[in-house]
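# Remarks on the overall topology
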Amino acid sequence: MKKLPILLIPFLAFTFRAEPMQISWKRLTDVQFTRKLNKELGMHFLYPAFGPSVNALQGKEISIRGYMIPVDENDNIYVISAKPMAACFFCGGAGPESIMELQFRKKKQHFRTDEVLTVRGRLVLNASDIDHLNYILKDAEVID
C-alpha cells in the first residue's frame, strides 16, 4: 500500500469535512429554566439547566434549520429561530430554547428576516453569560 505524502494529509482533512449532526428544535427543549437575580445588574434572568440530550451536543458539529432574524446587520449579528420573527422569543411567542446565536466564520453576510436556511457549526452551551444566548453556533456557515 502506498503512503500519502505528509503534506497532503492536512489538505485531505480540510477537504473531507465530516457531515454535521442534524438536530431538530425539539431536541433543544431538553432544558429547564430558573429565574434568578443577577446581583451585578439588579435584574432577574432565566438561567438554563441543560438536560442530558442537550449536554451531549456540547462542542459537536451540528446543523439546524430555522428562520433568520437580524439583530444588528452592521455588526453581522444574527439569530436563527424555530419560529418566524412574529412568533419568536423576542416577540414573546416562544422560549429561549427556540433561538440560537450565530457567530459566523465568514463576516459581513446579509440575510433577510424570516429567510429559512440551514446552518452548521460547533454548538456551545451557555448557562451563565447573559451577554449571549443559551445556544451559540460558532464558526457558523449557511449550507442551504
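Here is what the cut-offs are and how they apply
- Residues numbered from 1 in each chain as written.
- Predicted model: local features only at pLDDT ≥ 70, side-chain atom pairs only at ≥ 80, totals over all residues.
- Heavy atoms only, no water.
- Phe/Tyr/Trp six-rings, centres within 6.5 Å; stacked < 30°, edge-to-face > 60°.
- Helix = DSSP H or I, 4+ residues; strand = E, 2+ residues; numbered from the N terminus.
- Buried < 20%, exposed > 50% of the residue type's maximum accessible area, 1.4 Å probe, protein only.
- Salt bridge = Lys/Arg side-chain N within 4 Å of Asp/Glu carboxyl O.
- Polar contact = N/O pair within 3.5 Å; in protein donor to acceptor, adjacent residues only side chain to side chain.
- Contact = heavy atoms within 4.5 Å.
- Core = buried A, V, L, I, M, F, W, Y, C linked by side-chain atoms within 4.5 Å.

Attention shifts here to the packing of aromatic side chains. Per the stated rule, a full pass over the model turns up 4 aromatic pairs. Note on Y78 and F104: the rings are 6.2 Å apart at their centroids and 80° apart in plane angle, and the pair reads as edge-to-face. Taken together, the positions of Y78 in strand β5 (residues 77-81) and F104 in strand β6 (residues 99-104) put the pair 26 residues apart, joining distant regions of the chain. Accessibility assignment for this pair places Y78 and F104 in one class, buried. Ring centres 5.4 Å apart and planes at 25° place the aromatic pair F104 and F111 in the stacked group. In this structure F111 comes out as buried when scored by relative accessible area, which is 6%. In textbook terms, an aromatic cluster arises when at least three aromatic residues are bridged by ring pairs, as seen for Y78, F104 and F111.

Before going further, it helps to spend a moment on the pattern of salt bridges. Inspection of every chain in the model, using the stated rule, returns 4 salt bridges. Across the pair R65 and D144 runs a salt bridge, and its minimum N-O distance is 2.8 Å. With a gap of 79 residues between them, R65 in strand β4 (residues 61-72) and D144 in the segment after β8 (135-142) connect regions that are remote in the sequence. The class of D144 is partly exposed, set by a relative accessible area of 49%. It is possible to trace a salt-bridge network through shared partners that takes in E61, R120 and E141.

So, about the side chain of E115. With respect to the element layout, E115 can be found in the loop between β6 and β7 (116-125). Within polar-contact distance, the side chain of E115 engages the backbone nitrogen of R112 at 2.9 Å. Non-local contacts of E115, meaning those with residues more than four positions away in its chain, are made with G66, Y67 and M68.

Moving on, we get to the nonpolar core. M100, L102 and Y135 are the most contacted members of the largest nonpolar core, which totals 23 residues. For this core, the elements supplying multiple residues, two or more each, are β4, β5, β6, β7 and β8. At 4 residues, the largest contribution of residues to this core is made by β7. Once you skip the residues sitting within four places of it in the chain, M100 turns out to touch W25, L28, I62, I64, Y78, V79, I80, L123, L133, Y135, I136 and L137.

Further remarks concern unusual backbone geometry. One non-glycine residue, K108, lies in the positive phi region at around 60°. Topologically, K108 is positioned in the loop between β6 and β7. Owing to a relative accessible area of 61%, K108 belongs among the exposed residues under this scheme. Positive phi, close to 70°, is recorded for D114, a residue that is not glycine. Its location among the elements puts D114 in the loop between β6 and β7. Relative accessible area serves as the criterion here: at 30%, D114 is assigned to the partly exposed category.

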